[in-house]
Amino acid sequence: MKKLTTILTFALLAIMSFSLTSCDEDQQIALELDGTWRGTVESKNGSFYVDIRFYQDGFSRHGRGYEYDENMYHYGNDYSRFNWTVDRGNIYLSYDDGSEVVIADYELRRGQLCGYLQQARSGWDMGYIHLTKLSDNRYDNGYYDWAKKQEKVVDDDVAQ
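Note that the structure is predicted; figures quoted are calculated from it, not measured.

How each quantity is defined
- Residues numbered from 1 in each chain as written.
- Predicted model: local features only at pLDDT ≥ 70, side-chain atom pairs only at ≥ 80, totals over all residues.
- Heavy atoms only, no water.
- 1 Å grid on protein atoms, 1.4 Å probe; cavity = no way out; pocket = protein on both sides within 12 Å on 5 of 7 lines; lining within 4 Å.
- Points joined across faces, edges and corners; volume = space filled by probe spheres on them.
- Helix = DSSP H or I, 4+ residues; strand = E, 2+ residues; numbered from the N terminus.
- Nonpolar A, V, L, I, M, F, W, Y, C, P; charged D, E, K, R; others polar.
- Buried < 20%, exposed > 50% of the residue type's maximum accessible area, 1.4 Å probe, protein only.
- Pairing = 2+ DSSP bridges.
- Salt bridge = Lys/Arg side-chain N within 4 Å of Asp/Glu carboxyl O.
- Contact = heavy atoms within 4.5 Å.

Thoughts on the layout of surface pockets
Alright, step 1. Of the voids in this model, the largest pocket is the one considered here, and its volume is about 690 Å³.
Alright, step 2. If you go around the largest pocket, you meet 29 residues; those closest to its centre are Phe48, Glu67, Asp69, Val101 and Met126.
Alright, step 3. Among the secondary structure elements, those contributing two or more residues to the lining of the largest pocket are strand E1 (35-43), strand E2 (46-56), strand E3 (62-71), strand E4 (77-87), strand E5 (90-95), strand E6 (100-109), strand E7 (112-119) and strand E8 (125-135).
Alright, step 4. Per-class residue counts for the lining of the largest pocket are 13 nonpolar, six polar and 10 charged.

Following this line, the structure appears as structure tokens:
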């Protein structure tokens, strides 16, 4: 009887160890994305500065986000909202205007995100992105307030 109890105890521990494993690679990437990023996008048409805010939905592989672009060569700026998903290691951005972008062949480590932007459907290269993480959403809500103000400005412009 004691031997059976020991075997059942080890079986239970083995089952529990599988159920309590850490998140998969896509979830880990999504967790790392969650936050405020700033950097540049370089394309054939020029370069521009970009601020991006990724909000993760819980501990999932997806969320929503805000992007603020400032063209380096022209006066003006652009503000966009998007939904994002990490799938099989690629980062997919689906913008409110219907455009879809993939960040592929990237490196994400030590607070840096560097990789290639491609159109999701055609695979056409759009440029190269280099971002530095400024803050983590778990500790900073200041950028969210900025994004909400930008969203109101964009909504007001559309209403006019």
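With respect to the pairing of E2
Alright, step 1. Taking burial as the measure, the 11 residues of E2 include nine buried ones, the bulk of the element.
Alright, step 2. Pairing between E1 and E2: nine bridges, direction antiparallel. Note on E2: the bridge partner recorded for Gly35 is Phe54.
Alright, step 3. What sits between E1 and E2 in their antiparallel hairpin is a turn of two residues.

Observations concerning the environment of Val102
Alright, step 1. Tracing the backbone shows Val102 in strand E6.
Alright, step 2. Look at Val102 and you get buried, because its relative accessible area is 6%.
Alright, step 3. Spatially, the C-alpha atom of Val102 lies 9.1 Å from that of Arg121, the residues being 19 residues apart in sequence.

Section: the pattern of salt bridges
Alright, step 1. Enumeration according to the criterion identifies six salt bridges in this entry.
Alright, step 2. In this structure, Asp24 and Arg61 form a salt bridge, with 2.4 Å as the shortest nitrogen-oxygen distance. One end of the pair, Asp24, is in the loop between helix H1 (2-19) and helix H2 (25-33); the other, Arg61, is in the loop between E2 and E3, with 37 residues separating them in the sequence.
Alright, step 3. A relative accessible area of 32% means that Arg61 is categorised as partly exposed.
Alright, step 4. Of the charged contacts in the structure, one is a salt bridge between Lys133 and Asp136, with a shortest N-O distance of 3.9 Å. Taken as a pair, Lys133 and Asp136 share a single burial class, namely buried.

A short note on the environment of Asp34
Alright, step 1. Secondary-structure assignment places Asp34 in the loop between H2 and E1.
Alright, step 2. Linking Asp34 and Asp57, residues 23 residues apart in sequence, is a C-alpha distance of 9.3 Å.
Alright, step 3. With sequence-adjacent residues up to four places away left out, Asp34 is seen in contact with Phe54, Tyr55, Gln56, Lys133, Ser135, Asp136 and Asn137.

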